[in-house]
Amino acid sequence: MARRRFFNTTGPCDPDRHYMLPPEDRLVGAQLHRYIRDELYWVLHAPRQTGKTTFLQSWMREINAGNEALACYVSVERCQELTEIERAMPALCEAIRVYAQRENLPVPELTTIEPASMLDNILGNWAVLIAPKPLVVLFDEVDVLHGEAMISFLRQLRGGFATRGAGKFPTSIALVGMRDLKDYITKSKDSIAPNPGSPFNIKEDSAVISNFSKENIVHLFAQRTEETGQKITDEALEYVWEQAKGQPWLVNSLFKRATMRILDEDSNETVTIDHIKQARQQIILARETHLDSLAYRLDDAGVKKIIELLISGEANTDLADTEAFQKALDMGLVVVEHSTPQVANPIYREVLARQMTYSTQLAIQGLEWKWEKDDGSLDMDRLLKEFQKFWRRHSEVWEERSKYTEAFPHLLLMAFLQRVLNGGGNIEREYAAGRGRMDLLVEYKEFKYIIEIKLIHYYESEQIVREEGLEQIVKYRDKMGASIPSYLLIFDRRNADKKKPWEERLTWETVDGITVIGV
């Protein structure tokens with residue numbers, strides 16, 4: 001039986017084995033035709049698993065099939081955590097030798113024992129072996145280099161740049177990773193930004209690889225339809241776009257799970273939105289490496305603060321100027337859409353929220369009260385009244401221990417809801433900086449419920465926050481379904497309110513069909 005191609009989520013794509021789109025078509029800001037001809041060095045940066053390595057290896061093969069130059073892909077991943085040049089440079093030079101041999105290119109010798117000149121030495125020797133053709137080197141995973149190792153790496157490239165040429169030094173070099181060159185330098189210089197006259201300024205361009213467009217997603221699945229006859233509904237394609245926002249790994253993962261796990265891989269049954277929804281849930285619960293690496297970023301205090309601000313919906317005029325925000329952008333964790341910073345896509349939003357509430361969820365004891373009605377729907381009134389009791393009993397102590405003070409009310413409520421649902425339902429979350437609220441759509445069996453979270457700060461009026469919240473939740477309800485039961489939870493964060501008796505702080509009333517809950 002002939003081997004079928006499939007949607008790839010592990011490592012570079014191979015057109016003979018995987019459905020794929022040419023990654024060079026998604027390059028933004030690159031001038032491939034110039035880099036070899038005009039002997040230029042350049043940077044390519046994009047989040048992980050967007051197609052960088054696939055592009056580099058494809059471009060290498062294209063160059064080597066012609067007569068203009070010889071190219072070699074070199075991953076420097078083996079240098080990770082090697083900050084001392086005495087360890088990093090020998091490892092880097094060995095990587096060059098290994099990849100040269102792997103591509104059946106002449107393997108250069110290292111003829112110096114001085115770490116500060118090893119890279120310059122081996123690249124010069126390599127250029128001699130490749131002559132009379134010019135040498136092109138595509139360095140991948142450059143962001144694993146740190147500290148003095150990164151500075152030495154760039155200094156040696158800068159030193160060879162002035163004398164580059166066939167038989168002398170690589171005429172074109174690509175530095176590829178998650179971040180731009182200036183960000184590598186800043187990090188390596190203890191967060192001191194390079195001055196405009198920096199000797200590291202050897203790049204012609206800083207290009208990026210964009211996510212898939214809607215059209216890309218359609219064309220990607222169309223390859224499977226052409227080969228197997230399996231179709232997908234327009235509704236399912238639209239849902240893939242809504243949930244992944246074109247992130248290549250997520251798109252491939254949704255398609256792969258839908259066609260190889262939800263459905264049998266040999267099935268020709270049409271893929272529907274229900275299949276994609278099941279695939280989405282599997283992705284979130286499986287916490288594969290791609291998503292785990294995002295959750296790991298929350299260990300970075302700066303990134304954690306950014307995500308907390310997005311969850312709380314607070315506006316921060318200094319947000320975009322911070323190194324942490326730029327880092328979160330470069331990692332593909334956040335985007336700026338319609339001038340609003342927000343988590344890049346709904347799947348990332350769900351994964352991050354679950355990660356931030358996981359410990360709290362485990363700390364919540366088993367719920368002994370009945371939270372499901374006889375018709376199988378959630379007793380949301382009972383659930384939120386129990387949450388009021390839970391807040392009264394635990395919030396003050398738990399907040400003191402929390403790592404997330406700004407978003408503590410949001411996270412505690414989400415943990416409580418997740419503990420109740422326990423895999424039996426789904427929570428869609430909408431949050432972004434400056435929104436001043438978080439919207440939750442709770443789905444349980446065929447039933448839906450809307451919850452909006454608002455905070456009252458010391459500088460705000462309770463009446464204004466309440467009126468604003470009612471207006472916002474009505475708009476959200478109109479978008480999601482006018483008949484959906486809706487709840488507005490208002491957490492009063494003012495110090496004066498905390499001095500009131502709990503009987504005054506915890507309130508419950510109905511306004512124009514909206515249940516308004518004071519916490």
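Quick note: structure is the one above.
First, a word on scope: everything that follows refers to the structure included in this document. No experiment lies behind these values; they were computed from the predicted model shown. (Residues numbered from 1 in each chain as written. Predicted model: local features only at pLDDT ≥ 70, side-chain atom pairs only at ≥ 80, totals over all residues. Heavy atoms only, no water.)

Remarks on the overall build of the chain
Of the regular secondary structure elements, the chain holds 19 helices and 16 strands. Across the 519 residues of the chain, 54% fall into the buried class. When contacts within the chain are restricted to residue pairs at least 6 apart in sequence, long-range pairs at least 24 apart make up 69% of them. (Helix = DSSP H or I, 4+ residues; strand = E, 2+ residues; numbered from the N terminus. Buried < 20%, exposed > 50% of the residue type's maximum accessible area, 1.4 Å probe, protein only. Contact = heavy atoms within 4.5 Å.)

Here's the deal with the layout of surface pockets
Roughly 1200 Å³ of internal volume is contained in the largest pocket. Arg-48, Gln-49, Lys-52, Glu-141 and Met-178 are, among the 50 residues lining the largest pocket, the residues nearest its centre. Where the lining of the largest pocket is concerned, the elements lending two or more residues are helix H2 (52-64), strand S5 (70-75), helix H6 (181-188) and helix H9 (248-262). The element contributing the most residues to the lining of the largest pocket is H6, with 4 residues. (1 Å grid on protein atoms, 1.4 Å probe; cavity = no way out; pocket = protein on both sides within 12 Å on 5 of 7 lines; lining within 4 Å. Points joined across faces, edges and corners; volume = space filled by probe spheres on them.)

Remarks on the packing of aromatic side chains
This model, assessed by the stated rule, comprises 20 aromatic pairs. Here the aromatic rings of Trp-391 and Phe-491 are separated by 4.9 Å at their centres, their planes lie at 65°, and the arrangement is edge-to-face. Of this pair, Trp-391 sits in helix H15 (residues 380-401) while Phe-491 sits in strand S14 (residues 486-492); the two residues are 100 residues apart in sequence, bridging distant segments of the chain. In this pair, the class of Trp-391 matches that of Phe-491, namely buried. One aromatic cluster is present, built from ring pairs that chain together Phe-387, Phe-390, Trp-391, Trp-398, Phe-408, Phe-416 and Phe-491. (Phe/Tyr/Trp six-rings, centres within 6.5 Å; stacked < 30°, edge-to-face > 60°.)

Concerning the nonpolar core
Phe-255, Ile-307, Ile-451 and Leu-489 are the most contacted members of the largest nonpolar core, which totals 92 residues. Those residues in contact with Phe-255 that sit more than four places away from it in its chain are Phe-7, Ile-217, Leu-220, Phe-221, Ile-232, Leu-237, Val-240 and Ile-276. Judged by nonpolar contacts, the second largest core, of 63 residues, contains Leu-40, Cys-79, Ala-100 and Trp-126. (Core = buried A, V, L, I, M, F, W, Y, C linked by side-chain atoms within 4.5 Å.)

A look at the packing of helix H3 (residues 85-102) against helix H4 (residues 118-130)
Relative to each other, H3 and H4 sit at 20°, their axes nearing to 9 Å. It follows from the interaxial angle that H3 and H4 lie roughly parallel. Note on packing geometry: the crossing formed by H3 with H4 is right-handed. Between H3 and H4, the contacting residues are Met-89, Pro-90, Leu-92, Cys-93, Ile-96, Arg-97 and Ala-100 on the first element and Met-118, Leu-119, Ile-122, Leu-123 and Trp-126 on the second. Split by residue class, the contact of H3 with H4 holds 11 nonpolar, no polar and 1 charged. (Axes fitted to C-alpha atoms, helices over the stretch in contact; angles between N-to-C directions. Parallel < 35°, antiparallel > 145°, perpendicular 65-115°, else oblique. Left-handed = near helix turned anticlockwise from the far one by under 90°. Nonpolar A, V, L, I, M, F, W, Y, C, P; charged D, E, K, R; others polar.)

Observations concerning the sheet that holds strand S11 (residues 425-430)
Pairing within the open sheet is mixed, and its 6 strands lie in the order S11-S12-S13-S14-S16-S15. The sheet terminates laterally at S11 and strand S15 (507-511), the two strands that pair on one side only. Going from strand to strand, the sheet's axes swing by 20° on average, the running direction of each strand aside. Here S15 pairs with strand S16 (residues 514-518) via 5 bridges, running antiparallel. Paired with Thr-507 across the bridge in S16 is Gly-518. (Pairing = 2+ DSSP bridges.)

Quick notes on the sheet that holds strand S3 (residues 27-28)
Sheet strands associate in pairs through backbone hydrogen bonding, adopting either a parallel or an antiparallel arrangement. If you trace the 6 strands from one edge of the open sheet to the other, you get S3-S8-S4-S7-S6-S5, paired in mixed fashion. The strands lining the two open edges of the sheet, one partner per strand, are S3 and S5. Here S5 runs beside strand S6 (residues 135-140); their pairing, made up of 6 bridges, is parallel. When the bridges of S6 are listed, Leu-70 appears paired with Leu-135. Contacts from H2 reach S3, strand S4 (41-45), S5, S6, strand S7 (172-177) and strand S8 (203-209), with the element oriented near 155° to S5. Where helix H5 (residues 147-161) meets the sheet, its contacts fall on S4, S6 and S7, and the angle it forms with S7 comes to roughly 160°.

Remarks on the pattern of salt bridges
Scanning the entire structure with this criterion turns up 34 salt bridges. Note that Asp-38 and Arg-34 form a salt bridge whose closest N and O atoms lie 2.8 Å from each other. For Asp-38, a relative accessible area of 28% translates into the label partly exposed. Via salt bridges that share partners, Glu-430, Arg-435, Arg-437, Asp-439, Glu-452 and Lys-479 belong to a single interconnected network. (Salt bridge = Lys/Arg side-chain N within 4 Å of Asp/Glu carboxyl O.)

A word on unusual backbone geometry
Here the amide bond leading from Ala-131 into Pro-132 is cis, since omega sits at 15°, within 30 degrees of zero. As for its position among the elements, Pro-132 is in the loop between H4 and S6. The phi torsion at Glu-141 lies on the positive side, around 60°, for a residue other than glycine. Structurally, Glu-141 is set in the loop between S6 and H5. A relative accessible area of 17% places Glu-141 in the buried class. A positive phi is found at Lys-445, a non-glycine position, where the angle reads about 55°. Looking at the element boundaries, Lys-445 is found in the loop between strand S12 (438-444) and strand S13 (447-456).

Some words on the side chain of Arg-34
Secondary-structure assignment places Arg-34 in helix H1 (residues 32-37). The exposure class assigned to Arg-34 is buried, which follows from its relative accessible area of 19%. Here the side chain of Arg-34 touches Glu-204 through a polar contact of 3.2 Å, side chain to side chain. With near-sequence residues (within four places) excluded, Arg-34 lies in contact with Glu-39, Leu-40 and Glu-204. (Polar contact = N/O pair within 3.5 Å; in protein donor to acceptor, adjacent residues only side chain to side chain.)

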